[in-house]
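Listed below, chain by chain, are the residues.
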Amino acid sequence: PMGENTARLAVTRLMLTNFRSYNSANISFGARPVVLAGPNGAGKTNLLDAISLLSPGRGLRGATLGEHTRRGPAMPGEALWAVAASVSQDGEIFEIGTGLVLNVNGGERRQVRLNGAAAGNAGTLADIVQMTWLTPAMDRLFIEGAGGRRRLLDRLVLGFDSAHARNTTHYEQAMRERTRLLANGPRDPAWLGGLEKEMAEAGVAMTLARADVVQQLNDVLAARGEAGAFPAAQLALTGDADMLIHENGEAAVDSLREKFERMRIRDAEAGRATFGPHRSDLAVRHTVKCAPARECSTGEQKALLVSIVLAHARALSVSRGGRAPLLLLDEIAAHLDGERRAALFEEIIELGAQAWMTGTDIEMFDALRGRADIFEVADSTPRKIAEAA
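These remarks concern the structure in this document. Everything numeric in this text was worked out from a predicted model, so none of it was measured.

**Examining the side chain of Glu-196**
Okay, so step 1: Within the element layout of this structure, Glu-196 appears in helix H4 (residues 189–224).
Okay, so step 2: There is a polar contact of 2.7 Å between the side chain of Glu-196 and the side chain of Arg-264.
Okay, so step 3: If we skip the residues at most four places from it in the chain, Glu-196 touches Arg-178, Arg-257, Phe-260, Glu-261 and Arg-264.

In structure tokens form, the structure reads like this:
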């Protein structure tokens with residue numbers, strides 16, 4: 001039986017090779033929240049970054065795969081860097097590995113392994129590990145461009161719909177190829193039409209998945225109301241393509257394809273696709289203040305972000321029979337006052353989530369002593385703090 005305060009989805013072992021500041025590491029964890037405390041530059045975020053690469057995409061830093069490499073390898077076929085983990089999901093253990101390897105011809109490619117066998121692409125991992133994260137870079141999410149908000153939403157969608165990564169990739173590949181043809185030719189209508197049909201099919205699937213998750217989050221956020229220390233948020237998908245798909249229902253694929261066809265000349269002049277789900281935005285409002293998030297204080301913006309991530313964890317947990325996703329919360333304590341910090345810890349414990357939290361001041365996590373695995377990290381060496389008897 002699962003003990004008190006243990007997560008049903010947890011990383012229980014993490015092994016790193018040539019990864020950022022880590023030459024090698026092999027660390028074991030319980031299925032409880034994990035605190036990593038230590039000075040800036042100690043290697044705390046690199047551990048979160050490694051875990052984030054156990055899911056599709058570029059991880060929490062959004063870095064290119066090559067940027068994770070600590071030092072170059074000696075031979076083709078050897079890993080430039082590697083992350084391996086034991087993941088416990090409802091008591092079943094999955095051995096997951098990913099890394100960057102050098103091809104014989106000199107190129108680089110990402111490798112994904114599952115239980116000792118090659119696993120195709122990183123999309124396979126979305127069925128096993130669901131996760132979401134907050135980083136200090138996201139503190140500007142509401143005042144910068146739509147790209148960051150879209151990435152957050154797509155990360156939240158992945159937990160519910162593992163095909164979302166594939167749809168997004170198909171859409172972007174078809175869009176790039178269309179842009180190239182419009183720029184360089186040949187502007188073959190049949191060829192362009194085929195690409196626009198691919199974009200429309202993937203684009204509608206992406207948009208419907210996003211809209212579904214926004215609805216689920218709004219339901220959880222509305223039910224929460226002002227409970228707890230975090231403000232209620234209200235989310236909405238905004239974008240011309242979102243409106244078009246919403247209004248056209250079953251005919252949405254044809255409507256989107258026809259719109260792409262009409263936009264060819266304009267897109268050719270712009271050198272990019274000027275319309276589509278790749279330009280969607282996520283609008284966030286502070287429910288009680290009736291104010292857009294961008295007009296709230298930085299502290300409130302952070303609290304709104306936390307409330308969205310907690311709502312996502314709750315909605316995902318309900319949809320998966322009580323299995324909360326992993327939460328990667330980098331420097332989470334720094335911008336929360338004592339009351340909100342305590343409320344966050346209580347909610348994580350109540351959710352039964354394995355939350356990974358970093359901070360420079362270990363005392364900020366005192367309330368978690370005895371309820372979390374607490375590590376001090378110095379010079380990329382995590383040392384577990386013994387619990388008082």
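The structure having been displayed, the exposition proceeds.
**As for the nonpolar core**
Okay, so step 1: Leu-16, Ile-96, Leu-235, Leu-329, Leu-344, Trp-356 and Met-357 are the most contacted members of the largest nonpolar core, which has 94 residues in total.
Okay, so step 2: Here this core gets 10 residues from one element, more than from any other, and that element is helix H8 (residues 298–319).
Okay, so step 3: Setting aside residues up to four positions removed in sequence, Leu-329 forms contacts with Leu-48, Leu-134, Leu-344, Ile-348, Ala-355, Trp-356, Met-357 and Thr-358.
Okay, so step 4: Counting 21 residues, the second largest nonpolar core, distinct from the first, contains Leu-181, Leu-195, Val-204 and Phe-275.

**Thoughts on the side chain of Ser-55**
Okay, so step 1: Counting through the fold element by element, Ser-55 comes out in the loop between helix H1 (44–52) and strand S4 (79–89).
Okay, so step 2: A polar side-chain atom of Ser-55 sits 2.8 Å from the main-chain carbonyl oxygen of Ser-52.

**Points about the layout of surface pockets**
Unoccupied space between atoms shows up once a probe the size of one water molecule is rolled over them.
Okay, so step 1: Size it by volume and the largest pocket reaches roughly 1500 Å³.
Okay, so step 2: Those elements that provide at least two residues to the lining of the largest pocket are strand S6 (108–114), strand S8 (131–134), helix H2 (146–160), helix H3 (164–184) and H4.
Okay, so step 3: Ranked by the residues each element gives to the lining of the largest pocket, the list is headed by H3, at 10 residues.
Okay, so step 4: Partitioning the lining of the largest pocket into residue classes produces 16 nonpolar, 18 polar and 13 charged.
Okay, so step 5: One number sums up the size of the second largest pocket: a volume of about 250 Å³.
Okay, so step 6: Around the second largest pocket, the lining is made up of 15 residues, and of these Thr-207, Ala-211, Asp-242, Ile-245 and His-246 lie nearest the centre.
Okay, so step 7: The set of elements that each furnish at least two residues to the lining of the second largest pocket consists of H4, strand S9 (233–238), helix H5 (240–248) and helix H6 (252–262).
Okay, so step 8: In the lining of the second largest pocket, the residues fall into 10 nonpolar, 3 polar and 2 charged.

**Side note on empty space enclosed by the protein**
Okay, so step 1: Overall, the coordinates contain 1 cavity of 30 Å³ or more when judged by the stated rule.
Okay, so step 2: Space inside the largest cavity adds up to approximately 40 Å³.
Okay, so step 3: Lining the largest cavity, in full, are Ser-55, Pro-56, Ala-126, Val-129, Gln-130, Met-131, Arg-155, Leu-158 and Gly-159.

**Points about the pairing of strand S2 (residues 22–28)**
Okay, so step 1: One ladder, built from 6 bridges, connects strand S1 (residues 9–19) with S2; its direction is antiparallel. Across the sheet, residue Leu-14 finds its bridge partner in S2, namely Ile-27.
Okay, so step 2: Turn length for the S1-S2 hairpin, with the two strands adjacent in sequence and antiparallel, is 2 residues, and the turn residue Arg-20 shows positive phi of about 50 degrees.

**Concerning the sheet that holds strand S3 (residues 34–37)**
Okay, so step 1: Here we have 6 strands laid out as an open sheet, ordered S8-S12-S13-S3-S14-S15, and mixed in their pairing. Two strands close off the open sheet at either side, each with one partner strand: S8 and strand S15 (381–384). Here the strands of the sheet are splayed against their neighbours by 20 degrees on average, with no regard to which way each runs.
Okay, so step 2: Pairing analysis gives 4 bridges linking S8 to strand S12 (residues 326–329), with the strands arranged parallel. Looking at S12, one finds that Trp-133 is bridged to Leu-328.

Criteria and thresholds
Residues numbered from 1 in each chain as written. Predicted model: local features only at pLDDT ≥ 70, side-chain atom pairs only at ≥ 80, totals over all residues. Heavy atoms only, no water. Helix = DSSP H or I, 4+ residues; strand = E, 2+ residues; numbered from the N terminus. Polar contact = N/O pair within 3.5 Å; in protein donor to acceptor, adjacent residues only side chain to side chain. Contact = heavy atoms within 4.5 Å. Core = buried A, V, L, I, M, F, W, Y, C linked by side-chain atoms within 4.5 Å. Buried < 20%, exposed > 50% of the residue type's maximum accessible area, 1.4 Å probe, protein only. 1 Å grid on protein atoms, 1.4 Å probe; cavity = no way out; pocket = protein on both sides within 12 Å on 5 of 7 lines; lining within 4 Å. Points joined across faces, edges and corners; volume = space filled by probe spheres on them. Nonpolar A, V, L, I, M, F, W, Y, C, P; charged D, E, K, R; others polar. Pairing = 2+ DSSP bridges. Axes fitted to C-alpha atoms, helices over the stretch in contact; angles between N-to-C directions.

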